[in-house]
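# Residue-level structure breakdown
These are the residues of each chain, in order.
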Amino acid sequence: MTAPAGSALALIVDHDLGFVMWLGEIFTELGCEAVPALHCRQAQALTKRFNLPVAILVVNPELRGAERMIKELVAEHPGVRLVLIRNAAAAPVSSAPGSGLQAVPSVIQARFTLERPSPGETISRPEWVAKVRRLLSLASGERS
Amino acid sequence: MAQPFDSFPISSERRSRKRFPLALAAEYRLLGDAERHGSGRIRNISSSGVFLEVADRDLLSGWIELMVNWPCLLDGECPLKLVLKGRVVRREDRGIAIESNEHEFRTAGPASGAKLLNLKLLFFHP
């Protein structure tokens, strides 16, 4: 299967192991190279150690150090597409108190959100594949 | 042996119990006295455990370690592995349920290399 974003590298950062693995597998299925990390320090360490050409950063903005990581990654990879993970039924990420991400719009224009499945939600893989495909398509469009 | 590059603890209250379906090959190793190892396939995973589809499930009990090769090589040559330790809490028709609160991603040496590199990158504490 060919991804709209080609073989872009997606760095996926969230504390939920299941969600990270699940999303990573879907990004991989859609032709991306997906690198999972469970927190920002880990993601930054991997990025620096291996010079990862991050094209898409999927991150839970509530993680400690998220804002700093985003700013650093944007500085190093100006074309990076940002996808913010938000909890189902949560306030918009940009206005969530304490999220520390109010400054994000000023450092990156193109950003998207991905809502994590709610606890009672039945997960449909085809729906999520379609959701991520749409996301990649949008990100690809923004890039051009 | 793969090296941990981080061991940032994650508090249990932040973990999701939601299980996500997967289909990733995994190698297992029983911990403790029983010397048994083999392979299976992870069918679902959460922050608190996994279900491992495995043929010799009746022989598996106690503490177990799983290693999952992530389908991506860092910098084109370095494997990334999920290492998970836990306890077999249930056997079902096709596999075993493992309860776990210890998991981390680890890097190892080049996939083609016989000797694994020590890539202990960073240790951070909250």
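Within each chain, residues carry numbers counting from 1 in the order of the written sequence. Here the convention is simple: chains get letters from A, ligands get numbers from 1, in the order in which they are written. Totals for whole chains, interfaces and linings use every residue, but because this is a predicted model, local features are given only for residues with pLDDT of at least 70 and side-chain atom pairs only at 80 or more, for both listing and counting.

### What about the overall build of chain A?
- Looking only at helices and strands, chain A features five helices and five strands.
- Strands here are runs of E lasting at least two residues and helices are runs of H or I lasting at least four, both read from the DSSP assignment and numbered beginning at the N terminus. Reading the secondary structure of chain A in the N-to-C direction produces β-α-β-α-β-α-β-α-β-α.
- In this scheme the burial state of a residue depends on its C-beta neighbours within 10 Å: 20 or more other such atoms mean buried, 12 or fewer mean exposed, and anything in between means partly exposed; the C-beta positions come from the backbone. Looking at chain A residue by residue over its 144 residues, the buried ones come to 47%.
- Each residue is represented by a C-beta atom placed from its backbone, and any two residues with such atoms within 7 Å are regarded as in contact. Across chain A, contacts joining residues at least 24 apart in sequence account for 73% of those joining residues at least 6 apart.

### Topic: the overall build of chain B
- Helix and strand counts for chain B stand at zero helices and seven strands.
- Evaluated residue by residue, chain B yields a buried proportion of 31% over its 126 residues.
- Excluding contacts between residues fewer than 6 apart, the proportion of contacts in chain B whose partners are at least 24 apart in sequence is 58%.

### Description of the interface of chain A and chain B
- Contact residues are listed per partner, giving 27 residues for chain A and 27 residues for chain B.
- When contributions to the side of chain A that touches chain B are tallied by element, the ones reaching two or more residues are helix 1 (17-29), strand 2 (33-37) and helix 2 (40-50) of chain A.
- A total of seven residues in the side of chain A that touches chain B trace back to one element, the largest contributor, which is helix 1 of chain A.
- In terms of residue class, the side of chain A that touches chain B is made up of 15 nonpolar, six polar and six charged. Amino acids outside the nonpolar list (Ala, Val, Leu, Ile, Met, Phe, Trp, Tyr, Cys, Pro) and the charged list (Asp, Glu, Lys, Arg) are all regarded as polar, and Gly is one of them.

### Describing the confidence of the model for chain A
Residues and elements named next belong to chain A.
- Every residue gets a pLDDT, meaning the predictor's confidence in that residue, from 0 to 100. Here chain A averages 82 in pLDDT, and 78% of its residues register 70 or above.
- Under a pLDDT of 50 for its full length, residues 1-6 has, in the predicted model, 18 contacts with residues more than four places off or in other chains.
- Segment residues 93-100 is flagged for pLDDT under 50; beyond a separation of four residues in sequence, or across chains, it makes 16 contacts in the model.

### Describing the nonpolar core
- Nonpolar cores are identified as sets of buried Ala, Val, Leu, Ile, Met, Phe, Trp, Tyr and Cys residues joined via C-beta atoms within 7 Å. Grouped together as the largest cluster of nonpolar side chains are 68 residues, with contacts concentrated most on Ala10, Leu11, Leu57 and Val58 of chain A together with Leu52 of chain B.
- In terms of residue count, the dominant contributor to this core is helix 1 of chain A (eight residues).

### Some points on the sheet that holds strand 2 of chain A
All names here are of chain A.
- Should DSSP find at least two bridges between two strands, the strands are regarded as paired. Read from one edge of the open sheet, five strands run 2-1-3-4-5, paired in parallel fashion. The outermost strands of the open sheet, each flanked by one partner alone, are strand 2 and strand 5 (111-115). Each strand axis lies, on average, 20 degrees off the axis of its neighbour in the sheet, ignoring direction.
- In the sheet, strand 1 (residues 9-13) pairs with strand 3 (residues 54-59) via five bridges, with the strands oriented parallel. Within strand 3, the position partnered with alanine 10 by the bridge is isoleucine 56. Here an angle of 0 to 180 degrees is reported between the N-to-C directions of two axes, which are lines fitted to C-alpha atoms, with helices fitted over the stretch in contact.

### So, the packing of helix 2 of chain A against helix 3 (residues 66-76) of chain A
Residue and element names in this part refer to chain A.
- Across the interface, helix 2 lies against helix 3 with an axial gap of 9 Å and an inter-helix angle of 20 degrees. On the basis of the axis angle, helix 2 is roughly parallel to helix 3. Considering how the two elements wind past one another, helix 2 and helix 3 form a crossing that is left-handed. Only Ala66, Met69, Glu72 and Leu73 of helix 3 make contact with helix 2, whose side of the interface consists of Cys40, Ala43, Gln44 and Thr47.
- When its residues are assigned to classes, the contact of helix 2 with helix 3 shows five nonpolar, two polar and one charged. In this scheme, roughly parallel covers angles under 35 degrees and roughly antiparallel covers those over 145, while 65 to 115 is roughly perpendicular and the rest are oblique. In a left-handed crossing the near helix is turned counterclockwise from the far helix by less than a right angle, and in a right-handed crossing that turn is clockwise.

### Thoughts on helix 2 of chain A
Residue and element names in this part refer to chain A.
- Of all 11 residues making up helix 2, eight are buried, and the element is well covered by its neighbours.
- Within the span of helix 2, buried status applies to Cys40, Arg41, Gln42, Ala43, Gln44, Ala45, Leu46 and Thr47.
- Just downstream of helix 2, asparagine 51 is the residue with a positive phi angle, here 50 degrees.

### A closer look at the pairing of strand 4 (residues 49-53) of chain B
Residue and element names in this part refer to chain B.
- Within strand 4, four of the five residues are buried, which leaves it mostly tucked inside the rest of the structure.
- Here five bridges tie strand 3 (residues 37-46) to strand 4, and the two strands are oriented antiparallel to one another. In the sheet register, serine 46 faces strand 4, and the bridge partner there is glycine 49.
- Taking the residues between adjacent antiparallel strands as the criterion, strand 3 and strand 4 are bridged by two residues.
- Sheet analysis places strand 4 next to strand 7 (residues 95-107), joined by five bridges and oriented antiparallel. Each bridged residue has a counterpart across the sheet, and for glutamate 53 the counterpart in strand 7 is glycine 95.

### Here we look at the environment of glutamate 72 of chain A
All names here are of chain A.
- In this structure, glutamate 72 sits in helix 3.
- With 16 C-beta atoms counted inside 10 Å, the residue glutamate 72 sits in the partly exposed group.
- Spatially, the C-alpha atoms of glutamate 72 and glutamine 44 are 8.9 Å apart, while their sequence positions differ by 28 residues.

### Let's talk about helix 1 of chain A
Residues and elements named next belong to chain A.
- Expected helix span is computed as 1.5 Å times (number of residues minus one). Between its first and last C-alpha, helix 1 extends 18 Å over 13 residues, near the 18 Å set by a 1.5 Å rise per residue.
- Burial analysis of helix 1 places 11 of its 13 residues in the buried class, the great majority of the element.
- Within helix 1, the full set of buried residues consists of Leu17, Gly18, Phe19, Val20, Met21, Trp22, Leu23, Gly24, Glu25, Ile26 and Phe27.
- Immediately downstream of helix 1, the backbone of glycine 31 shows phi near 95 degrees, a positive value.

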